[in-house]
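Secondary and tertiary structure notes
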Amino acid sequence: MSSYVGVLVSDPWLQSQFTQVELRTLKSKFVSNKTQLERFTVGDLPPVFSKLKAFNGTIDEDEIKSVLDKSYSNADEEVDFETFLRAFLNVQARGVEKTGGSKGSSSFLKTSTTTVHHAINESEKASYVSHINNYLRDDPFLKSYLPIDPATNAFFDLVKDGVLLCKLINVAVPGTIDERAINTKKTLNPWERNENLTLGLNSAKAIGCTVVNIGTQDIAEGRPYLVLGLISQIIKIQMLADLNFKKTPSLFQLVDDTQDAEELMGLAPEKVLLKWMNFHLKKAGYEKQVTNFSSDVKDGEAYAYLLNALAPEHSTHVALETKDPTERAKKVLEQAEKLDCKRYLSPKDIVDGSANLNLAFVAQIFQHRNGLTVDDSKTSFAEMMTDDVETSREERCFRLWINSLGTATYVNNVFEDLRNGWVLLEVLDKVSPGSVNWKHANKPPIKMPFKKVENCNEVIKIGKDLRFSLVNVAGNDIVQGNKKLLLAFLWQLMRYTMLQLLRNLRSHSQGKEITDVDILNWANRKVKRGGRTSQADSFRDKNLSSGMFFLELLSAVEPRVVNWSLVTNGETEEDKKLNATYIISVARKLGCSIFLLPEDIIEVNQKMMLILAASIMYWSLQQQSDTESTVSEDATDDGDANSVAGEISNLSIDGASESSPTVQDQELLTKAEKDEDEVDGENNKDA
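Residues numbered from 1 in each chain as written. Predicted model: local features only at pLDDT ≥ 70, side-chain atom pairs only at ≥ 80, totals over all residues. Heavy atoms only, no water.

A few points about the overall build of the protein chain
Counting its regular elements, the protein chain contains 34 helices and zero strands. Going through the 687 residues of the protein chain one by one, you find that 53% of them count as buried. The contacts of the protein chain with a sequence gap of at least 6 include a subset with a gap of at least 24, amounting to 64%. Of the roughly 31,100 Å² of accessible surface on the protein chain, a fraction of 48% belongs to carbon and sulfur atoms. (Helix = DSSP H or I, 4+ residues; strand = E, 2+ residues; numbered from the N terminus. Buried < 20%, exposed > 50% of the residue type's maximum accessible area, 1.4 Å probe, protein only. Contact = heavy atoms within 4.5 Å. Areas by Shrake-Rupley, 256 points an atom, 1.4 Å probe, with all protein chains shown as cover.)

Pasting the structure below:
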């Protein structure tokens, strides 16, 4: 199996100044300009750098020229890639100086290696290490490496092989990774380490982490700021796991009416936690409103009131009577320990207003003593959460997929967060660059309902331009929160994105668009030529529930990735679940970014089966493209046997030629439309 190496620079120090994402971006810019110009010189750099997003709005072309004039006496000096990178760092340093070290200035400035940005917060590091020691100390593989000493850099070394990352993800969201797919040996070769890291990063995306600026190479190099950033996200997801109405229905006690309940359902978990905290503080007579986990809690008073309200048996006024903030913080932590809250932060962390550690502290208090009771008078609110299982699974899948795209807005609830149309426009702009006319878009916060409708009408218009099936669907349907129509739209959007990725691999070939049938035929042919016997009649084929077809497909594209000694025959429900869980982890380990659940395979969810097969196909063809394979193993006599394009050009069967919605898509939309018409046939459907 080919191992991803990334962009390499001969100077180790220079290499260490950039993430792989940054290096790939800058390499692309460098090659593009060098190709366009006969000689790429220092004098050509100012207009090139001024257009980079990293410097957008922070430093203009004249300032860039001034910086480079000081560093390079000869503007006619030809630029190689390393000179390009060094020049970038010089300009970046000026940008950091100018913005006063503002982390929000740009994505590159956020991850620059200046002292301002990469000073590691030792308290956070110690807290995360303590968390790992506590939760993974009994792990059969890791226990020989634990506990980690937070005073050393052993943590950054231990994370390099990906095992700890995968294990921690399973602590945060149990069952995410089939641990049989993790390579666990004392000594791993580079391919095995890369597989573990790929599995970890794809699984992190699948639980809601943002990893758009992190590559496997960055973790393998143990970059402290990136490692801590990823670990903090995973731990945060674990700590906030109960902050939703399905796991904690008593949260409805925080609201008074249906409208408040709907608003609360759409809040991020940390916002729900703040609302919970203020609910108890108000009852305890605390007159201030806590709006953050930093400045509003650093004096310790809010904590003293909160703990007295939640644990009256341990109530004491000593903390409130203490004038010194540090002493008060000590008393607060002593009181919290009586509730079995582990001391992951110090009094200094409270006084300094460490947002991440204070958030974790409050979340831990919530886990041990939330002080809420089930209110029978508010059971009607709970009924709002009665989405059917398939709807909930689809909402989860689309939410995680949207967040994985790196859009500016993080989605916590598809049905609430997408109703103003803005996020959908962001997604459309990601998957079809240039499709959105931002001059016609209304940016949140949007108070006027008609502005939301305008955004959603634009979404529908773009969808129709992309040949989505949107008959009798209007922007107002999205604003009103029509779940079936929204899910149908998102499915078409996800499918379009996958087909576009496949189409882009054949950019130099001519022929028909890739269709669902083509993907199915490719998969069947791969399995057959791999010497296996499974075949799928369609993505609805009930035989897919055993998992054997996808295991054989994965083995066909990369023979070493499936350990057949772990595979069951898939006859019983338990065996099917074991296979399905293993399939998802093996696909992610290979490099597929997928968001389905084992139940989707067991129940043969047609849409998820298509995306799974398409993701495997994309990975397989991408490997051929990357290695510039001279012979396509799937080529036929009448096709181009020497390229990925040749392999894909042989896919079109039975005259299927458009990437427009399939018959199944049409059926889904028609059913949703009929359901909507029955509910409100008088709605104005004008897009």
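That covers the picture; the talk isn't over yet.
A closer look at the pattern of salt bridges
Inspection of every chain in the model, using the stated rule, returns 28 salt bridges. Across the pair Arg39 and Glu78 runs a salt bridge whose closest N-O atoms are separated by 3.8 Å. In this pair, Arg39 sits in the loop between α2 (20-36) and α3 (45-50) while Glu78 sits in the loop between α4 (61-71) and α5 (81-99), placing the two residues 39 residues apart along the sequence. Arg39 sits in the partly exposed class, given a relative accessible area of 39%. Here Asp139 ties to Lys167 by a salt bridge, and the two come within 3.0 Å at their closest N and O atoms. (Salt bridge = Lys/Arg side-chain N within 4 Å of Asp/Glu carboxyl O.)

Description of helix α15 (residues 269-283)
Relative to the 21 Å expected for 15 residues at 1.5 Å per residue, α15 spans 21 Å between its end C-alpha atoms, a close match to the ideal helical length. Of the positions making up α15, those classed as buried are Val272, Leu273, Leu274, Trp276, Met277, Asn278, His280 and Leu281. Once α15 finishes, Gly285 follows within two positions and takes phi at roughly 90 degrees, a positive value. (Expected span 1.5 Å × (residues − 1).)

With respect to a negative patch on the surface
On the surface, a cluster of negative charge is made up of Asp256, Asp257, Glu262 and Glu263. Assignment of secondary structure puts Glu262 in helix α14 (residues 258-265). (Patch = residues over 30% accessible without salt bridge, like charges linked within 9 Å, V, L, I, M, F, W, Y side chains within 5 Å. Lys, Arg positive; Asp, Glu negative; His and termini not counted. Charge placed at Lys NZ, Arg CZ, Asp CG, Glu CD.)

Notes on the packing of helix α16 (residues 301-310) against helix α20 (residues 355-368)
The description of two packed helices rests on the angle between their axes and on the distance between the axes. Packing of α16 against α20 brings their axes to within 12 Å, and their N-to-C directions diverge by 10 degrees. Relative to α20, the element α16 is oriented roughly parallel. Contacts between α16 and α20 involve Tyr303, Leu306, Leu307 and Leu310 from the first element and Asn358, Phe361, Val362 and Ile365 from the second. Per-class residue counts for the contact of α16 with α20 are seven nonpolar, one polar and no charged. (Axes fitted to C-alpha atoms, helices over the stretch in contact; angles between N-to-C directions. Parallel < 35°, antiparallel > 145°, perpendicular 65-115°, else oblique. Nonpolar A, V, L, I, M, F, W, Y, C, P; charged D, E, K, R; others polar.)

Some remarks on the side chain of Arg396
Summarising the element assignment, Arg396 is placed in helix α22 (residues 389-404). Buried charge without a partner: Arg396 forms no salt bridge, and the closest opposite charge is Asp600, 5.8 Å away. Among the polar contacts made by the side chain of Arg396, one reaches the main-chain carbonyl oxygen of Phe595 at a distance of 2.7 Å. With sequence-adjacent residues up to four places away left out, Arg396 is seen in contact with Ala206, Phe595, Leu596 and Leu597. (Polar contact = N/O pair within 3.5 Å; in protein donor to acceptor, adjacent residues only side chain to side chain.)

Comments concerning the environment of Asn202
Mapping Asn202 onto the fold places it in helix α11 (residues 190-206). Separated by 392 residues in sequence, Asn202 and Ile594 place their C-alpha atoms 7.6 Å apart. Those residues in contact with Asn202 that sit more than four places away from it in its chain are Arg588, Gly591, Cys592 and Ser593.

Notes on the confidence of the model for the protein chain
Within the protein chain, residue pLDDT values average 84, and 83% of them lie at 70 or more. Note that residues 1-5 has pLDDT below 50 and, in this model, 17 contacts with residues that lie over four places away or in other chains. Low pLDDT (under 50) marks residues 652-665, which in the prediction has 34 contacts with non-local residues, meaning those over four places away or in another chain. (pLDDT = per-residue confidence, 0-100.)

Some words on unusual backbone geometry
Following Leu146, the chain continues to Pro147 via a peptide bond in cis, the omega torsion being 0 degrees. With respect to the secondary-structure elements, Pro147 resides in the loop between α8 (122-136) and α9 (154-158). A cis amide bond links Pro444 with the next residue in sequence, Pro445, at an omega value of 0 degrees. With respect to the helices, strands and loops of the structure, Pro445 is situated in the loop between α24 (422-431) and α25 (449-465). Even without glycine at this site, Asn472 takes up a positive phi of about 60 degrees. Counting through the fold element by element, Asn472 comes out in the loop between α25 and α26 (475-479).

Let's talk about the packing of helix α10 (residues 163-172) against helix α13 (residues 224-239)
Between α10 and α13, the shortest axis-to-axis distance is 8 Å and the interhelical angle comes to 20 degrees. Between α10 and α13, the angle falls in the class roughly parallel. Residues Leu165, Leu168, Ile169, Val171 and Ala172 of α10 form the contact with α13, whose own contacting residues are Leu230, Ile231, Ile234, Ile235 and Gln238. A breakdown of the residues in the contact of α10 with α13 according to their chemical character gives nine nonpolar, one polar and no charged.

Describing the packing of aromatic side chains
Scanning all chains against the criterion turns up 16 aromatic pairs. Centre to centre, the rings of Tyr303 and Phe361 are 5.0 Å apart; their planes meet at 90 degrees, and the pair counts as edge-to-face. One end of the pair, Tyr303, is in helix α16; the other, Phe361, is in helix α20, with 58 residues separating them in the sequence. Judged by its relative accessible area of 1%, Tyr303 falls in the buried class. Their ring planes at 70 degrees and their centres at 6.0 Å tell us that Phe468 and Tyr496 sit as a pair that is edge-to-face. Of the two residues, Phe468 is situated in the loop between α25 and α26 and Tyr496 in helix α27 (residues 483-504); the sequence distance between them amounts to 28 residues. Cluster of aromatic residues (ring-pair linked, three or more members): Phe30, Phe40, Phe49, Phe81, Phe84 and Phe88. Across from the ring centre of Phe81, 4.5 Å away, lies the NZ or CZ of Lys27, which sits over that ring. (Phe/Tyr/Trp six-rings, centres within 6.5 Å; stacked < 30°, edge-to-face > 60°. Lys NZ or Arg CZ within 6 Å of the ring centre and 35° of its normal.)

So, the environment of Thr291
Relative to the helices and strands, Thr291 resides in the loop between α15 and α16. Taking relative accessible area as the criterion, Thr291 reaches 48% and is therefore assigned partly exposed. Remark: the alpha-carbon pair of Thr291 and Asn278, spanning 13 residues in sequence, is separated by 8.8 Å. Those residues in contact with Thr291, other than ones at most four positions away along the chain, are Leu274 and Asp296. Within the local environment of Thr291, its side chain forms a polar contact with the side chain of Asn292, the two groups lying 3.5 Å apart. A distance of 2.7 Å separates a polar atom in the side chain of Thr291 from a polar atom in the side chain of Asp296.

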